[in-house]
Amino acid sequence: MSPVSSNAPHGQPLRTVQVLGGGNAGSSAHVRSLAEGLVARGVRVTVCAPVEADHAYDFTGTGAEHVHVPRSSDPTSVAALRTACADADLVHAHGLHASLRAVLALSGRTIPLVVTWHNRTRAEGARAHLLRLLERRVARGATVVFGTTYDLVDRARRRGARDARLAAVALPGRCRPVDRHDPDRLGAKLRAELGATGRPLLIAVGSLDRYRGYDVLLDAARAWRELDPPPLVVVAGEGPLRPVLQRRIEDEELPVRLVGRRDDAPRLLAAADLALLPSSWEARSVLAQEALHARVPLVATAVGGIPDLVGDAAELVPYGDAEALAAAVVRLLGDPGRRELLRERGVRQAQSWPTEDEMVAQVLSVYDELTQPRPLA
């Protein structure tokens, strides 16, 4: 790859600071991928994120510099970020709270600020009002706002963004699941460990919170108890609803296992017969992308960015409709031809998504646009 042309003063390489809160796996993996691509093109990259995020995603392994900045927006964290951005040509923040810290840290400076909204932050009641204020502060303080879905772009415009654009976000190569057609990785041992030998295995991945739709998933699982053999639903993730969900599973004798946070989620997915995504809202769901890449038929809710992301390569159901979710799974389990059709469509749909090179190229074009010297009038 040829290095990017320098737009920084005195012919020095462009220096960017990537600001990350560190709480979201998708945005963390995105920043790692972006940092790797930028460094390969001659850009100096500093990633400001909690040290735990660097341990998990190895930003320094890409050739970037890492500066520890806690997730908090207290004055100490903002001051640390302000220092890290002192000689930056451009700052790029990821997620609402990281973007707010960047806005505060750059106050009074003319450094261009790009922000990416990877997902929709949720709040209710008084917190929803505070959230709107935070979004407005970030949208108006940024030079360019990237949204990973059309509705996030529209949301940024409603909040007062001067320039809002659709982001080309790629699934990082390190997130892609193992090949289902590799005979050494078909997952028979893993299925046996999970208790899914001789029965269908359904996989869901995501934090156990109220927005993931797992209450609806458990409602749907009641219908699957009557199938012969009944499928096993495995949910990989951790969160505050675990005790409530586990109690329901035990009380109602549902064919569901909560296996906690797993480092081998891609292997779980590759071993599955179906992937399930019952969320109330998703942007560019990593699970959906992994499922299509891995040729695993997907049943998902028609919310947020999911319909645009998967096209006709998945079974889409309304959010909150347990009967529709249950019926879609039963139909797919009983129709091998339909499952194979979804696999073929999934491969084609995945080929239409941006590549990591295209993602980096889009970001660099915006960086160039914002840092190029403007001719005098």
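Residues numbered from 1 in each chain as written. Predicted model: local features only at pLDDT ≥ 70, side-chain atom pairs only at ≥ 80, totals over all residues. Heavy atoms only, no water.

(A) The sheet that holds strand 11 (residues 274–277), seen in detail. Across the sheet, which stays open at both edges, the 6 strands sit in the order 10-9-8-11-12-13 with parallel pairing between neighbours. What marks the edges here is a single partner per strand, and that holds for strand 10 (256–260) and strand 13 (315–317). Going from strand to strand, the sheet's axes swing by 20 degrees on average, the running direction of each strand aside. Alignment of strand 8 (residues 201–205) against strand 11, held across 2 bridges, turns out to be parallel. Looking at strand 11, one finds that Leu202 is bridged to Leu274. Against the sheet, helix 11 (residues 286–293) contacts strand 8, strand 11 and strand 12 (298–301), and its axis sits at roughly 165 degrees relative to strand 11. (Pairing = 2+ DSSP bridges. Helix = DSSP H or I, 4+ residues; strand = E, 2+ residues; numbered from the N terminus. Axes fitted to C-alpha atoms, helices over the stretch in contact; angles between N-to-C directions. Contact = heavy atoms within 4.5 Å.)

(B) Fine view of the pairing of strand 4 (residues 90–94). Of all 5 residues in strand 4, 5 are buried, a share of seventy percent or more. You can see the chain leave strand 4, run along helix 4 (residues 96–105) and come back into strand 5 (residues 113–117), and the turn it takes is right-handed. (Buried < 20%, exposed > 50% of the residue type's maximum accessible area, 1.4 Å probe, protein only. Right-handed = clockwise from strand over helix to strand, strands pointing away.)

(C) View of the pattern of salt bridges. Under the counting rule described, the total for this entry stands at 23 salt bridges. Note that Arg191 and Asp273 form a salt bridge whose closest N and O atoms lie 3.1 Å from each other. One end of the pair, Arg191, is in helix 7 (residues 188–194); the other, Asp273, is in the loop between helix 10 (265–271) and strand 11, and 82 residues separate them in sequence. In this structure, the salt-bridge partner of Arg222 is Glu252, at a minimum N-O distance of 2.9 Å. Here the residue Arg222 occupies a position in helix 8 (residues 214–224), and Glu252 occupies one in the loop between helix 9 (242–251) and strand 10, the gap between them amounting to 30 residues. If you follow the salt bridges from partner to partner, you end up with Asp219, Arg222, Arg248 and Glu252 in one network. (Salt bridge = Lys/Arg side-chain N within 4 Å of Asp/Glu carboxyl O.)

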